[in-house]
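Each chain, written out:
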Amino acid sequence: MLDSPPLLLLLLLFASPSGAKPPNPEQHKEVLISSSGQPFPWNHMRLPKTVSPLHYDLGIHPNLTTLDFTGVVRIQLQVHEDTGVIVLHAKQMQITEALLLAPEGERPLRVLEYPPFHQLALLSDTLLTRGRTYEVLLGFAATLSDSFHGFYKSSYHTSSGAVRVLASTQFEATFARAAFPCFDEPAFKAKFTIRIIREPRHIAVSNMPTVKTVALPGGLLEDHFDTTVKMSTYLVAYIVSDFLSVSKTTQRGVKISVYAVPEKIDQTAFALDTAVRLLDFYEDYFDIPYPLPKQDLAAIPDFQSGAMENWGLTTYRETALLYDPDKSSPSDKLAITKVIAHELAHQWFGNLVTMEWWNDLWLNEGFAKFMEFISVNVTNPELHVDDFFLGKCFEAMEVDSLPSSHPVSTHVENPMQIQEIFDDVSYDKGACILNMLRDFVTPEAFEIGIIRYLRRFSYQNTVSRHLWESLTDLCSPDLLDKGDRKHTEFCSARNRPSGASKWYSGDELDVQAIMDTWTLQEGFPLVTVEVRGREVRLSQERYLKTDEPSLTDGFLWQIPLTYVTSASSTIRRFLLKTKTDVLYLPQEVDWVKFNVDMSGYYMVHYEGDGWNAIINLLQHNHTVLTSNDRASLVHDVFQLVSVGKVRLDTALELSLYLSRETETMAVTQGFQELVPLYKLMEKRDMAALENRMKSYIVDLFRGLIDRQEWTDSGSVSERVLRSYLLLFGSVRNYPPCVEKATQLFNAWRASGGHMSLPVDVTMAVFTVGARTPEGWDFLFEKYRTSLQMSVKSRMKVAMAFSPLQDKLTRMMEHSLRGEVMKLQDLPDVLVTISRNPHGYKLAWDFLRANWHTLIKKFDLGTSLVAYMVNGVTNQYSTTEMLDEVKLFFGSLTEETGSEMRCIQQTYETIGDNIRWMDAHLPHLQAWLDKRSSHTVHEDL
């Protein structure tokens, strides 16, 4: 064997197309050096396309005592270009054997590694010929990961204190390569046949059902699983554990099973019933049968994200799957249902049809987030899921309003960049623009279009353009699928062009032209409306929180505007394609409200007397507008203060109507806009003004708080609102709340924690109880022994909001060590403590002191690292704190996170906070003074 690849083979390799654009000659000059010191025959992060996998035969043997694993994989390859080198992925594993299996016989392969790119090069001394298929065999060994990615170790304690160990996988986005050598990019789809060796005391589950189990020497068993459908590597999954399961069957005969640790199996019934209903719904909605014989849902004790859509074996945090009818809250039920709906939607969007590359991740995640609300609204109408969709759009806008935001479809190359786009833009903005599109083309047309998309591209990879094409010319005779019942019925019943007459008369509906403005540029528009008689003048600009106005230049959207007026509740529509335009009303009106129900992803500013007319309407007859409309007005007016479009006193005057508000979305949005004002003051040592602002908010909602019963009665929305209001009243020391919570906590503690508390009030009760050392210690002991995941979550939040700083430090240390509290819970603990006026400095110090451990455990670029960075710092409001934050993050290297987008977001957020405080504090002081004197005058 030669010491280095023959020149001919290198030339052949470099002449082949790469996964990205063909490299230019300048890039070829760089020769990478493998870990053995030899030249590495590929110099791109993306794999070449000279070969592609057809099938993996994968055998895995994890050892749950020594915490390592060995394996053998045989990969069947299709050769697309003559080559002597196969480049694929492997990360942190030892390759113990490498063979080429060809018709001519078995030949050894030379192995080179380039760890920075997680790449292996397999060098053959014979040419692999275009058009032929070959097999490579690779033996490998590695340690079970102690992070939450790849093939990793998890553990739990039984009620008797025994430790149980299991091994589970999490491969999205780029971690399959840490479990077995593979072509770890989404476009390299293949089939997988998996075998797992285990001890008899364990079970093994994977994407497909078990075909047979074979007894091996030494008392071990080997489970053989059926071959999968064609899929991407990030969807492969397997678990070796002592879990138990419960099962049911869908209407079409798909077996649904929920797996959990034995002592929590009694908390799986709700998830099982929910999954059956949702899979039935999706089969009907998409009009495409679920292609696998089974769908497992597994609750993993250690799990970083909320859940993962592995095909046929979805995995979840325990809190995202386990439900106790007596102990879990309505919020828990809603969250669990939405998570299951999200992962099962992925079985079609993401698994059946997959994005070509991670730049279009939103095609997976935006769709799954959007389908949560479409599906749950049908399968669980009692949850009123629509009440909570608006909050997702507001969360997306928070990130999307910063200069560091990114387009929904954005360039990414390396693993850290890929991890970073698993964010609010890909998920929540993606869902919100899909909701806007659905309203735009009509729900019926939208459904037909996505069915066409899924059918056309099943088992393939797509880019955004393919979706837009599927939603265009739905009833064209050339494209009509006469075998599709829904499609033919839709077009038969339709007597107008596809969507165009609804929006913009005289124009063909060009879905791609419209949606490209929403997916290929970052940010979102602010639409300014000025009413002059019957004339409505419209203009658009980018909404951006910045002190550099030039950053808003050059942006233009095609905006599907909707509006209602004082004269008509009929929704009228107008497609704004230009920077400015004018529309004419049938008659003069007292007020106009644009973006009806906030179905569009944009904000609205009412110039002239527009905001005064809205304020007058809200103060005298607020229910004329829907609760979503009212929530969007509260959101927009306060956000417009930040960019100098509206005076703060105008926003505060509008907020006065909230004293008569009762709907969940509008009330919670009021809190979302008002509470941060005093949270910024907490960081500036201005107790007098801070307390006046707190008093104003308590006074505003006092009537609503007083009307809350300390019970579990009412609808889901009413119960979610009750929990929120009672917690706020308790945290803000509103006497009736504190007295009742204290009384209930003392009685609960006296009963040894056995007294049954109304679920909706437990957050308030636990938070008040955690204020004393004795109460905190009692909660901590109950947390340690409880098997109820939802109860533990509420206890965790309550303890993190204690004023006892030594207890807060103890919580963070416990979480970091994974003792009592799981490491996966550390980000929540850290961010909750950072919201605590007694703990925000502790949280910042802890983040800095343990930074290197945190990025190793949670991985650079992941959403949880961003959550910690932003969550700990985003309420800072002084130049001193900004300097301190910049000093720390500025000291990092690229390897320790200096290039992460969340760091730039943090700088921008703190800068915006400083500008806001400097510009508006005098106005806030003056408005509170004015209101105070007005209230005194009324009392006299």
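Here the structure is a predicted model, which means the values were calculated and not measured. (Residues numbered from 1 in each chain as written. Predicted model: local features only at pLDDT ≥ 70, side-chain atom pairs only at ≥ 80, totals over all residues. Heavy atoms only, no water.)

### Here we look at helix H19 (residues 716-731)
Consideration 1: Look at H19: 23 Å from first C-alpha to last across 16 residues, which is about the 22 Å you get at 1.5 Å a residue.
Consideration 2: Where H19 is concerned, the buried positions are Val716, Ser717, Arg719, Val720, Leu721, Arg722, Leu725, Leu726, Phe728, Gly729, Ser730 and Val731.
Consideration 3: On its buried face, H19 is in contact with helix H4 (330-346), helix H17 (664-682), helix H18 (687-706), helix H20 (735-750) and helix H21 (762-769).
Consideration 4: Just downstream of H19, Asn733 is the residue with a positive phi angle, here 60°. (Helix = DSSP H or I, 4+ residues; strand = E, 2+ residues; numbered from the N terminus. Expected span 1.5 Å × (residues − 1). Buried < 20%, exposed > 50% of the residue type's maximum accessible area, 1.4 Å probe, protein only. Contact = heavy atoms within 4.5 Å.)

### Remarks on the packing of H20 against H21
Consideration 1: One way to put it is that H20 packs onto H21 with a least axis distance of 8 Å and a crossing angle of 80°. Here H20 is positioned roughly perpendicular relative to H21, judged by the angle of their axes. Contact residues: Val738, Ala741, Thr742, Leu744, Phe745 and Trp748 in H20; Ala764, Val765, Phe766, Val768 and Gly769 in H21.
Consideration 2: In terms of residue class, the contact of H20 with H21 is made up of nine nonpolar, two polar and no charged. (Axes fitted to C-alpha atoms, helices over the stretch in contact; angles between N-to-C directions. Parallel < 35°, antiparallel > 145°, perpendicular 65-115°, else oblique. Nonpolar A, V, L, I, M, F, W, Y, C, P; charged D, E, K, R; others polar.)

### Side note on the state of the cysteines
Consideration 1: All told, the structure shown has one disulfide when counted by the stated rule.
Consideration 2: Shown here is the disulfide that connects Cys393 with Cys432, its sulfur atoms set 2.0 Å apart. On the sign convention where negative means left-handed, the S-S torsion of about -105° between Cys393 and Cys432 marks this disulfide as left-handed. Here Cys393 is found in helix H6 (residues 389-400), whereas its partner Cys432 is found in helix H8 (residues 424-441), with 39 residues between them in sequence. Cys432 carries the same exposure label as Cys393, and that label is buried. (Disulfide = S-S within 2.5 Å.)

### Concerning the UniProt feature "domain: Aminopeptidase N-like N-terminal" (unreviewed entry) in the chain
Consideration 1: Within the UniProt annotation, "domain: Aminopeptidase N-like N-terminal" (unreviewed entry) is assigned to residues 53-235.
Consideration 2: As annotated, residues 53-235 comprises 0% helix and 59% strand, and the C-alpha atoms at either end are separated by 15 Å. (UniProt positions renumbered as here; feature names shortened; annotations may be inferred.)

### Some thoughts on the sheet that holds strand E18 (residues 244-249)
Consideration 1: Pairing in this open sheet of five strands is mixed, and the strands run E18-E19-E20-E22-E21 from one edge to the other. Whereas interior strands pair on both sides, the edge strands pair on one side only; in this sheet they are E18 and strand E21 (307-308).
Consideration 2: Summarising the sheet, E18 and strand E19 (residues 255-260) pair through six bridges and their orientation is antiparallel. Looking at E19, one finds that Lys248 is bridged to Ile256.
Consideration 3: Helix-sheet contacts for helix H3 (residues 269-286) involve E18, E19 and strand E20 (294-300), and the interaxial angle to E19 is about 150°. (Pairing = 2+ DSSP bridges.)

### Some thoughts on the pattern of salt bridges
Consideration 1: For the structure shown, the criterion picks out 51 salt bridges.
Consideration 2: Between Arg195 and Glu222 there is a salt bridge, and its shortest N-O distance comes to 3.5 Å. In this pair, Arg195 sits in strand E13 (residues 191-198) while Glu222 sits in strand E16 (residues 221-225), placing the two residues 27 residues apart along the sequence.
Consideration 3: On the basis of relative accessible area, Arg195 is assigned to the partly exposed category, the value being 21%.
Consideration 4: For the salt bridge of Glu690 with Lys694, the shortest nitrogen-to-oxygen distance reads 2.6 Å. (Salt bridge = Lys/Arg side-chain N within 4 Å of Asp/Glu carboxyl O.)

### Quick word on the side chain of Lys294
Consideration 1: Structurally, the position occupied by Lys294 is in strand E20.
Consideration 2: Look at Lys294 and you get buried, because its relative accessible area is 8%.
Consideration 3: A distance of 2.5 Å separates a polar side-chain atom of Lys294 from the backbone oxygen of Ser206.
Consideration 4: Within the structure, the side chain of Lys294 is placed 3.1 Å from the backbone oxygen of Gly312, a separation counted as a polar contact.
Consideration 5: The contact partners of Lys294, leaving out residues within four places of it in the chain, are Ser206, Asn207, Met208, Pro209, Val254, Lys255, Gly312 and Leu313. (Polar contact = N/O pair within 3.5 Å; in protein donor to acceptor, adjacent residues only side chain to side chain.)

### A word on the domain arrangement of the chain
Consideration 1: When its domains are assigned, the chain resolves into domain 1 (30-242), domain 2 (371-488 + 511-517), domain 3 (527-656) and domain 4 (803-939).
Consideration 2: Placing the centre of domain 2 and that of domain 4 at their C-alpha centroids yields a distance of 32 Å.
Consideration 3: Summing both sides of the interface, domain 2 and domain 4 together bury roughly 990 Å²; the carbon and sulfur share of this comes to 56%.
Consideration 4: Area buried by domain 2 at its contact with domain 4 is led by Ser404, Met416 and Glu420, which between them contribute 52% of it.
Consideration 5: Scanning the region where domain 2 abuts domain 4 turns up zero salt bridges.
Consideration 6: Seen at the junction of domain 2 and domain 4, the total is four residue pairs in polar contact (both at pLDDT 80 or more).
Consideration 7: Tallying contributions element by element places helix H7 (residues 415-420) first for the side of domain 2 that touches domain 4, with three residues. (Domains from an automatic or database assignment. Buried area = accessible area lost by both parts, 1.4 Å probe.)

### What about helix H27 (residues 851-858)?
Consideration 1: Of the residues making up H27, those classed as buried are Trp851, Leu854, Ile855 and Phe858. Seen from one end, H27 has its buried residues packed into an arc of 95°, which puts them on one side. Within H27, the exposed residues directed more than 90 degrees away from the buried face are His852 and Lys856.
Consideration 2: Contacts from the buried residues of H27 go to helix H24 (805-817), helix H25 (826-835), helix H26 (840-849), helix H28 (863-873) and helix H29 (879-890).
Consideration 3: Two residues or fewer past H27, Asp859 is found with a positive phi of approximately 75°. (Arc of directions from axis to C-beta.)

### Quick notes on the sheet that holds strand E5 (residues 83-89)
Consideration 1: Read across the open sheet, the three strands follow the order E5-E9-E8; overall the sheet is antiparallel. The open sheet has two edge strands, E5 and strand E8 (110-114), and neither has a second partner. Here the strands of the sheet are splayed against their neighbours by 25° on average, with no regard to which way each runs.
Consideration 2: In this sheet, strand E9 (residues 119-128) lies alongside E8 in antiparallel orientation, the contact comprising five bridges. Pairing of Val111 across the sheet is with Leu122, part of E9.

### Considering the environment of Ser713
Consideration 1: The topology assignment puts Ser713 in the loop between H18 and H19.
Consideration 2: Residue class for Ser713 comes out partly exposed when judged on its relative accessible area of 32%.
Consideration 3: Along the primary structure Ser713 and Gln743 are separated by 30 residues, whereas in three dimensions their C-alpha atoms are 20 Å apart.
Consideration 4: For Ser713, the side chain forms a polar contact with the side chain of Thr711, separated by 3.1 Å.

### Remarks on the pairing of strand E28 (residues 568-576)
Consideration 1: Where strand E27 (residues 559-565) lies against E28, six bridges are found, and the strand directions are antiparallel. Among the inter-strand pairings, Leu561 is bridged to a residue of E28, identified as Phe574.
Consideration 2: Hairpin geometry of E27 and E28 is characterised by an intervening segment of two residues between the two adjacent antiparallel strands.

### Some points on the nonpolar core
Consideration 1: Residues Phe180, Tyr238, Phe594 and Phe889 are the most contacted members of the largest nonpolar core, which totals 315 residues.
Consideration 2: Excluding anything up to four places from it in sequence, Phe594 contacts Val529, Val536, Leu538, Leu561, Thr562, Tyr563, Leu583, Val604 and Tyr606. (Core = buried A, V, L, I, M, F, W, Y, C linked by side-chain atoms within 4.5 Å.)

### Looking at the packing of H18 against H19
Between two packed helices, the angle of one axis relative to the other and the distance separating the axes together describe the packing.
Consideration 1: Contact pair H18 / H19: the axes reach a minimum separation of 11 Å and the direction vectors enclose 135°. Our classification of the angle between H18 and H19 gives oblique. Note that H18 runs across H19; the crossing there is left-handed. Across the interface between the two elements, Ile697, Val698, Leu704 and Ile705 from H18 touch Leu721, Leu725, Phe728 and Gly729 from H19.
Consideration 2: Of the residues in the contact of H18 with H19, the class split is seven nonpolar, one polar and no charged. (Left-handed = near helix turned anticlockwise from the far one by under 90°.)

### Here's the deal with the confidence of the model for the chain
Consideration 1: Put simply, the chain has an average pLDDT of 91, and 93% of its residues get 70 or more.
Consideration 2: Segment residues 1-28 is flagged for pLDDT under 50; beyond a separation of four residues in sequence, or across chains, it makes 48 contacts in the model.
Consideration 3: Here residues 496-507 scores under 50 on pLDDT; set against residues more than four positions off or in separate chains, the count is 26 contacts. (pLDDT = per-residue confidence, 0-100.)

### A closer look at unusual backbone geometry
Consideration 1: That bond from Glu172 to Ala173 is cis: its omega, 5°, falls within 30 degrees of zero.
Consideration 2: Inspection of the secondary structure assignment puts Ala173 in the loop between strand E12 (163-170) and E13.
Consideration 3: Notably, Asn733 is not glycine yet its phi reads approximately 60°, a positive angle.
Consideration 4: Relative to the assigned elements, Asn733 resides in the loop between H19 and H20.
Consideration 5: Judged by relative accessible area, which is 45%, Asn733 ranks as partly exposed.
Consideration 6: Phi is positive for Val820, close to 65°, though the residue is something other than glycine.
Consideration 7: Take Val820: its relative accessible area is 31%, and that puts it in the partly exposed class.

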